[in-house]
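Residue-level structure breakdown
Below are the chains, spelled out letter by letter.
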Amino acid sequence: GVYKMLAIDPGGHKCGVSLFTFSIKKKKILSIESFTINVEKLKNDTGFPEELLRNKFLAYYKLRNEILRLLLSFKPDIVGYEAPFMNSKQPSAYGPLVSMMTLIYDAVITYNLGSEFYTIQPQQTKKAVGVAGKKTKDVVVEAVKKVPELMGALSTDIDTLDDNAVDSIAVGWYVLKHYLYKNV
């Protein structure tokens, strides 16, 4: 009756990750470990020479490998991922974000072809913790602090986490509320 979920707030420079352990039957989060992966500090273990790939795409491959290591170590049953956002003011940013999501999904199916992979729209992530509209990251942190189920399970002080890690908590909370706890 205990399940695990990896929740991801992706980023080309910093990627927020939360590892949830929970009981669906009891609708209870047992633990949440959150942290940020600094993509720029990851070693190049891709097998690709750096000069062959534009730096951004090399970073995505390095992140893919790091996520695969996390998957193999934590062994989640479910993955939640904040989907790319199409910003009409920066439409050229959307393509690279889709490329990153594709590589992360590749890591997930390499880990386990049958893994559930939920993509969550950024506005849904915010709404899950009670934030509406285009608000700053600080507002999301304050909103997460008001969710007792999250704060009671979090293994670290939320004020020590950056906004990427906190957003990954909100991604996991959305998946729990809207997909996993819904039919119990």
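Above this text you will find the structure in question.
Residues numbered from 1 in each chain as written. Predicted model: local features only at pLDDT ≥ 70, side-chain atom pairs only at ≥ 80, totals over all residues. Heavy atoms only, no water.

1. Considering the nonpolar core
If you look at the biggest cluster of nonpolar residues, it comprises 34 residues, and the most contacted ones within it are Phe-20, Phe-22, Ile-29, Val-129, Leu-150 and Leu-176. Dropping the residues within four chain positions of it, Ile-29 is found in contact with Phe-20, Thr-21, Phe-22, Glu-149, Leu-150, Ala-153, Trp-173, Leu-176 and Tyr-181. Counting residues in each nonpolar core, the second largest holds 26 residues, with Leu-63, Ile-67, Tyr-81 and Met-100 among its members. (Core = buried A, V, L, I, M, F, W, Y, C linked by side-chain atoms within 4.5 Å. Buried < 20%, exposed > 50% of the residue type's maximum accessible area, 1.4 Å probe, protein only. Contact = heavy atoms within 4.5 Å.)

2. As for the sheet that holds strand E4 (residues 78-82)
Strands sit in the order E3-E2-E1-E4-E5 across an open sheet of five strands; the sheet is mixed. Of all the strands in the sheet, the pair left with one neighbour each is strand E3 (28-38) and strand E5 (116-120). Across the sheet, the mean angle from the axis of one strand to that of its neighbour is 20°, orientation sign disregarded. Relative to E3, strand E2 (residues 14-23) runs antiparallel, the two being bridged by ten bridges. Among the inter-strand pairings, Phe-20 is bridged to a residue of E3, identified as Ile-32. The sheet contacts of helix H1 (residues 55-74) involve strand E1 (2-9), E2, E3 and E4, and relative to E2 the element is tilted by about 15°. Taken strand by strand, helix H6 (residues 163-180) contacts E1, E2, E3, E4 and E5, and its axis lies near 40° from that of E2. (Pairing = 2+ DSSP bridges. Helix = DSSP H or I, 4+ residues; strand = E, 2+ residues; numbered from the N terminus. Axes fitted to C-alpha atoms, helices over the stretch in contact; angles between N-to-C directions.)

3. Side note on helix H2 (residues 94-111)
Given a rise of 1.5 Å per residue, 18 residues ought to cover 26 Å, and the 26 Å separating the end C-alpha atoms of H2 matches this to within 8%. Here H2 has its buried residues at Pro-96, Met-100, Met-101, Leu-103, Ile-104, Ala-107, Val-108 and Tyr-111. Buried residues in H2, looked at end-on, bunch into an arc of 160°, giving them a common side. Buried residues belonging to H2 abut E1, H1, E4 and E5. (Expected span 1.5 Å × (residues − 1). Arc of directions from axis to C-beta.)

4. Thoughts on the side chain of Arg-64
Turning to its location among the elements, Arg-64 is positioned in helix H1. A polar contact of 3.0 Å, which involves the side chain of Arg-64, links it to the side chain of Asn-65. Within the structure, Arg-64 has its side chain in polar contact with the side chain of Asp-106 (distance 2.8 Å). Every residue in contact with Arg-64, bar those within four places of it in the chain, is listed here: Leu-103, Ile-104, Asp-106, Ala-107 and Thr-110. (Polar contact = N/O pair within 3.5 Å; in protein donor to acceptor, adjacent residues only side chain to side chain.)

5. Here's the deal with unusual backbone geometry
One non-glycine residue with positive phi stands out, namely Lys-27, at about 50°. On the secondary structure map, Lys-27 appears in the loop between E2 and E3. Of note in this structure, Lys-75 is not a glycine but carries a positive phi near 55°. Relative to the helices and strands, Lys-75 is located in the loop between H1 and E4.

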